[in-house]
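# Overview (structure and organization)
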Amino acid sequence: MSHDLFSLKGKLALVTGSGQGIGFAIAEGLAGAGAKVILNGRDEAKLATARATLAGKGHDVVVAAFDVTDEAAVDRAIANIEKAQGAISILVNNAGMQFRAPLEDYPSGKWRELMRVNVESAFLVGKAVAKAFADLGANLVLVDLERKSLEAAFGSENDHRSFVPANLLEMVGATGVAQAALTRFRRIDVLCNIAGGFR
């Protein structure tokens, strides 16, 4: 299949939370379009397996294991990536988690964890990567919001267990990070996409 209309040859893409699942699929799609892909996550074994799978298909893939909720770790990792691989030109903030519980039973610790993983991580990684965007010209920033649907936040009409108060707020927060990036970079020819979203 030809990717001439969507060639990412010469681009370096970082996909957070890409050791498995949707993140892995996004990474595979970007690699298939010609990008060099950086797989990220905290589970090094999963990342090694994912890298081997993609490399076995002829894709150019490297691994960067770091915690996207740890600002110091993020800054170090991005600096190391840029030193070893060059500037990141595609960012997919895919890392995320889910915890479903009624409002009255929602644990405060889980609330804070969900906000760190689903919202703050997008800000921290986006901030670290964005430092180089102004010098790169036209680039692509993808913020994946596949978890942040209204149904995920409140559940279906037949699921009375699934009201999740945190998800609506983290959905809005993650969208805000993407919108802020769009406002900042649209004048220097950087494209920001919000994928997924509301339904």
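These numbers were taken from a predicted model, which means no experiment stands behind them.

## Observations concerning the overall build of the chain
- Counting its secondary structure elements, the chain contains seven helices and six strands.
- Order of helices (α) and strands (β) in the chain, N terminus to C terminus: β-α-β-α-β-α-β-α-α-β-α-α-β.
- Looking at the chain residue by residue over its 199 residues, the buried ones come to 43%.
- Put simply, 71% of the contacts in the chain that link residues at least 6 apart link residues at least 24 apart.

## Re the pattern of salt bridges
- The final tally for this structure, using the stated rule, is three salt bridges.
- Put simply, glutamate 71 and lysine 127 hold a salt bridge, and the shortest N to O gap is 3.6 Å. Of the two residues, glutamate 71 is situated in helix H3 (residues 71–85) and lysine 127 in helix H4 (residues 108–130); the sequence distance between them amounts to 56 residues.
- A relative accessible area of 38% means that lysine 127 is categorised as partly exposed.

## Examining the pairing of strand S2 (residues 36–41)
- The element S2 is largely enclosed, with a buried count of five among its six residues.
- Across four bridges, strand S1 (residues 12–15) lies against S2 in parallel orientation. Counterpart to alanine 13 in the pairing with S2 is valine 37.
- Between S1 and its parallel partner S2, the chain crosses via helix H1 (residues 21–32), and the hand of that crossover is right-handed.

## Here's the deal with the layout of surface pockets
- Approximately 410 Å³ is the volume found for the largest pocket.
- Around the largest pocket, the lining comprises 22 residues; the ones closest to its centre are Gly17, Gly41, Arg42, Ala95 and Gly96.
- Taken together, the elements giving at least two residues each to the lining of the largest pocket come down to H1, S2 and helix H2 (44–56).
- For the lining of the largest pocket, the class distribution of residues is seven nonpolar, ten polar and five charged.

## A few points about the packing of H1 against H2
- Where H1 contacts H2, the axes come no closer than 11 Å and their chain directions differ by 30°. For the element pair H1 / H2, the angle class is roughly parallel. Judged by the twist between their axes, the crossing of H1 over H2 is right-handed. Of the residues in H2, those touching H1 at Phe24, Ala27 and Glu28 are Ala50, Thr53 and Leu54.

## What about the environment of leucine 39?
- In this structure, leucine 39 sits in strand S2.
- If we skip the residues at most four places from it in the chain, leucine 39 touches Val15, Ser18, Ala27, Leu47, Ala50, Arg51, Leu54, Val61, Val62, Val63 and Ala64.

## Points about the packing of aromatic side chains
- Overall, the coordinates contain one aromatic pair when judged by the stated rule.
- Ring centres of phenylalanine 99 and tyrosine 106 lie 5.5 Å apart, and the angle between their planes is 90°; this geometry places the pair in the edge-to-face category.
- Overall, phenylalanine 99 belongs to the partly exposed group, its relative accessible area being 25%.

Cut-offs and rules
Residues numbered from 1 in each chain as written. Predicted model: local features only at pLDDT ≥ 70, side-chain atom pairs only at ≥ 80, totals over all residues. Heavy atoms only, no water. Helix = DSSP H or I, 4+ residues; strand = E, 2+ residues; numbered from the N terminus. Buried < 20%, exposed > 50% of the residue type's maximum accessible area, 1.4 Å probe, protein only. Contact = heavy atoms within 4.5 Å. Salt bridge = Lys/Arg side-chain N within 4 Å of Asp/Glu carboxyl O. Pairing = 2+ DSSP bridges. Right-handed = clockwise from strand over helix to strand, strands pointing away. 1 Å grid on protein atoms, 1.4 Å probe; cavity = no way out; pocket = protein on both sides within 12 Å on 5 of 7 lines; lining within 4 Å. Points joined across faces, edges and corners; volume = space filled by probe spheres on them. Nonpolar A, V, L, I, M, F, W, Y, C, P; charged D, E, K, R; others polar. Axes fitted to C-alpha atoms, helices over the stretch in contact; angles between N-to-C directions. Parallel < 35°, antiparallel > 145°, perpendicular 65-115°, else oblique. Left-handed = near helix turned anticlockwise from the far one by under 90°. Phe/Tyr/Trp six-rings, centres within 6.5 Å; stacked < 30°, edge-to-face > 60°.

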